Amino acid sequence: MTAPRTPDSSAGNSADSSTGAPTPARRGVLFDVDGTLIDSSYLHTVAWWHAFNQAGHDVPMHRIHRLIGMGSEQLIDELLPADRDTDEDDAIGAAHGALFSVHWPGLKPTRGATELLRRCTDAGLVVVLASSSNVTEVAAMREALGSDDVLTAVTTATDAEQSKPAPDIFAAALEAGDLRPEHALVVGDARWDVESAGQLGLDAVCVTSGGISETELREAGAVAVYTDPLALLEDFENSPLGRLAAGG
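Computed from a predicted structure; not experimentally measured.

(A) Representation of the pattern of salt bridges within the structure. Enumeration according to the criterion identifies 12 salt bridges in this entry. In this structure, arginine 111 and aspartate 228 form a salt bridge, with 2.7 Å as the shortest nitrogen-oxygen distance. Note that arginine 111 is positioned in the loop between helix 4 (89–101) and helix 5 (113–122) and aspartate 228 in the loop between strand 6 (224–226) and helix 10 (229–234), a separation of 117 residues in sequence. Taking relative accessible area as the criterion, aspartate 228 reaches 6% and is therefore assigned buried. Put simply, arginine 191 and glutamate 216 hold a salt bridge, and the shortest N to O gap is 3.6 Å. Taken together, the residues arginine 191 in helix 8 (residues 191–198) and glutamate 216 in helix 9 (residues 214–220) connect sequence positions 25 residues apart. Put simply, Arg66, Arg191, Glu195 and Glu216 are held in one network by salt bridges that share partners.

(B) Representation of the packing of aromatic side chains in the model. Scanning the model with the defined rule gives one aromatic pair in all. The interplanar angle of 25 degrees and the centroid separation of 5.6 Å between the aromatic rings of tryptophan 48 and phenylalanine 52 together place this pair among those described as stacked. Taken together, the residues tryptophan 48 and phenylalanine 52, both in helix 1 (residues 41–54) and four residues apart, mark about one turn of the helix. Note on tryptophan 48: relative accessible area 4%, which makes it buried. Judged by its relative accessible area of 0%, phenylalanine 52 is buried. Positioned above the aromatic ring of tryptophan 192, the side-chain terminus of arginine 191 is 6.0 Å from the ring centre.

Reading the values: the criteria
Residues numbered from 1 in each chain as written. Predicted model: local features only at pLDDT ≥ 70, side-chain atom pairs only at ≥ 80, totals over all residues. Heavy atoms only, no water. Salt bridge = Lys/Arg side-chain N within 4 Å of Asp/Glu carboxyl O. Helix = DSSP H or I, 4+ residues; strand = E, 2+ residues; numbered from the N terminus. Buried < 20%, exposed > 50% of the residue type's maximum accessible area, 1.4 Å probe, protein only. Phe/Tyr/Trp six-rings, centres within 6.5 Å; stacked < 30°, edge-to-face > 60°. Lys NZ or Arg CZ within 6 Å of the ring centre and 35° of its normal.

Given below as structure tokens:
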């Protein structure tokens, strides 16, 4: 697998050494992965459902699905009683990971995901993956995407003290991409992406490929919502991503 490209810090806001004129601002997009670029939200839902059942907890799938995109600790806290034996939480999280790993060979990008990443790069935008999943899961998803050659950086759960809806993962992605919030956007599929982005002053563009409705995403504060990455790609020039690339 090709490693992500090293960020070029000279693309920031420093002055051109030959003319003294300011260089164009470095602009980029932080992409959530599960549900946004990889069609995995329902696979995660089923894996969590089995993990909870194995631990003796009856948690309906519809409740689990609405929390996909949260970090494991927060998701478990939301779904299980506060007076539970929390010593079991790590085992539940590990069971989810093992159950989800069965699906790694069959993971597929959402419609237009790979092409959208390349379109962003062609438009001069830095592309950073910002996932709350662990390194091994993200590696499997990167394999499915096959787009490492257009990535500037990849951040995972190990890069954040707290996972979404805390802003840590997007803060790490901004740093990894050498980006400023005013020159970056988030693309995600869950309200947690919108909420965590907002804490850093980042606008979020959302897709409904993770199974969350346009209404809910807009209510959370998404500046634009598309059916999937393909719809965003087809509207690229008019979208917030196209305006960002154009310097708007």
